[in-house]
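Reading the structure
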Amino acid sequence: SVYPANTAMRMQVLHGLCPEGAARMRAGLDRIFQCRWLPIGPIAPVLGAHTGPGLVGVVFAPEAQFPKFSYLAMYGMPSTGLTMLAASARACSFS
C-alpha cells in the first residue's frame, strides 16, 4: 500500500448488486486504516458489463488531503482528487 497501516482515510465502498462483497471490503479496510466512511453506494451497471457479477470498488483519499470534505462536496465538485479502485468481490482478500 502507498499509505501505511492506521492512516486516517476518507472512503466510500461502491458495488454492482453485491452488498455482501461491499460489506467484506469495508470490514477489511477498517482493519487496516482509520476510516471515515461515506455511505455504501451503487456502481453503474455499465461497469459491471465489463467485469461480470460481484463488482466492488472503493473510493479513497488520505483524511489530511480533504480535512473538510463532505458527502455533498463529492457529488458537487468536478474533480475531487479521490482515487477509485474496483475489483471482483471474489478476488478480494484481507489477510
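Located above this text is the structure these notes cover.
We now turn to the structure provided with this report. (Residues numbered from 1 in each chain as written. Predicted model: local features only at pLDDT ≥ 70, side-chain atom pairs only at ≥ 80, totals over all residues. Heavy atoms only, no water.)

Section: the overall build of the protein
Note the following rule: Secondary structure elements are defined from DSSP: runs of H or I of at least 4 residues count as helices, runs of E of at least 2 residues count as strands, and each element is numbered from the N terminus. The contact definition used throughout considers only heavy atoms, calling two residues in contact when any of these lie within 4.5 Å.
The secondary structure content of the protein amounts to 3 helices and 5 strands. Secondary structure elements of the protein occur, N-terminal to C-terminal, as β-α-β-β-α-β-α-β. Taking as baseline every contact in the protein between residues at least 6 positions apart, the subset at least 24 positions apart corresponds to 79%.

Some thoughts on helix H1 (residues 19–32)
Keep this limit in mind: Take the number of residues in a helix, subtract one, and multiply by 1.5 Å to get its expected span. When accessible area is computed with a 1.4 Å probe and restricted to protein chains, residues below 20% of their type maximum are described as buried, those above 50% as exposed, and intermediate ones as partly exposed. Picture the helix axis, draw a direction to every C-beta atom, and the arc is the one those directions span.
Counted at 1.5 Å a residue, the expected span for H1 with its 14 residues is 20 Å, and the 20 Å between its end C-alpha atoms agrees. Burial in H1 covers these residues: Gly21, Ala22, Met25, Gly28 and Leu29. End-on view of H1: buried residues confined to an arc of 130 degrees, all on one side of the axis. With respect to the buried face of H1, the exposed residues turned more than 90 degrees away are Glu20 and Arg31. Structurally, H1 contributes buried residues whose contacts are with strand E1 (8–15), strand E2 (34–37) and strand E4 (55–62).

What to know about the pairing of E2
Test applied: Pairing between strands is defined by DSSP: at least two bridges between them are needed.
Alignment of E1 against E2, held across 4 bridges, turns out to be parallel. When the bridges of E2 are listed, methionine 9 appears paired with cysteine 35.

Let's talk about the environment of methionine 11
Looking at where methionine 11 falls in the secondary structure, it is placed in strand E1. It is 6.2 Å that separates the C-alpha atoms of methionine 11 and arginine 36, two residues lying 25 residues apart in sequence. Those residues in contact with methionine 11 that sit more than four places away from it in its chain are Leu29, Phe33, Cys35, Arg36, Trp37, Leu38, Val58, Val59 and Phe60.

Some details on the environment of glycine 16
Within the element layout of this structure, glycine 16 appears in the loop between E1 and H1. Looking at glycine 16, the relative accessible area reads 25%, which means it is partly exposed. Spatially, the C-alpha atom of glycine 16 lies 5.2 Å from that of leucine 55, the residues being 39 residues apart in sequence. Setting aside anything within four residues of it in sequence, one finds glycine 16 in contact with Ile43, Gly54 and Leu55.

With respect to the pattern of salt bridges
Any two side chains of opposite charge can pair, so long as their charged atoms come close to each other. Put simply, the rule reads: Whenever a carboxyl oxygen of Asp or Glu lies within 4 Å of a side-chain nitrogen of Lys or Arg, that contact is scored as a salt bridge.
Inspection of the entire model under this criterion finds 2 salt bridges. Across the salt bridge formed by glutamate 63 and arginine 36, the nearest N and O atoms sit 3.1 Å from each other. On the criterion of sequence distance, the pair formed by glutamate 63 in the loop between E4 and helix H3 (71–76) and arginine 36 in strand E2 is long-range, its members being 27 residues apart. You can call glutamate 63 buried: its relative accessible area is 16%. Salt bridges sharing partners connect three or more residues here, namely Arg10, Arg36 and Glu63.

On their own, these measurements won't tell you what the molecule is for.
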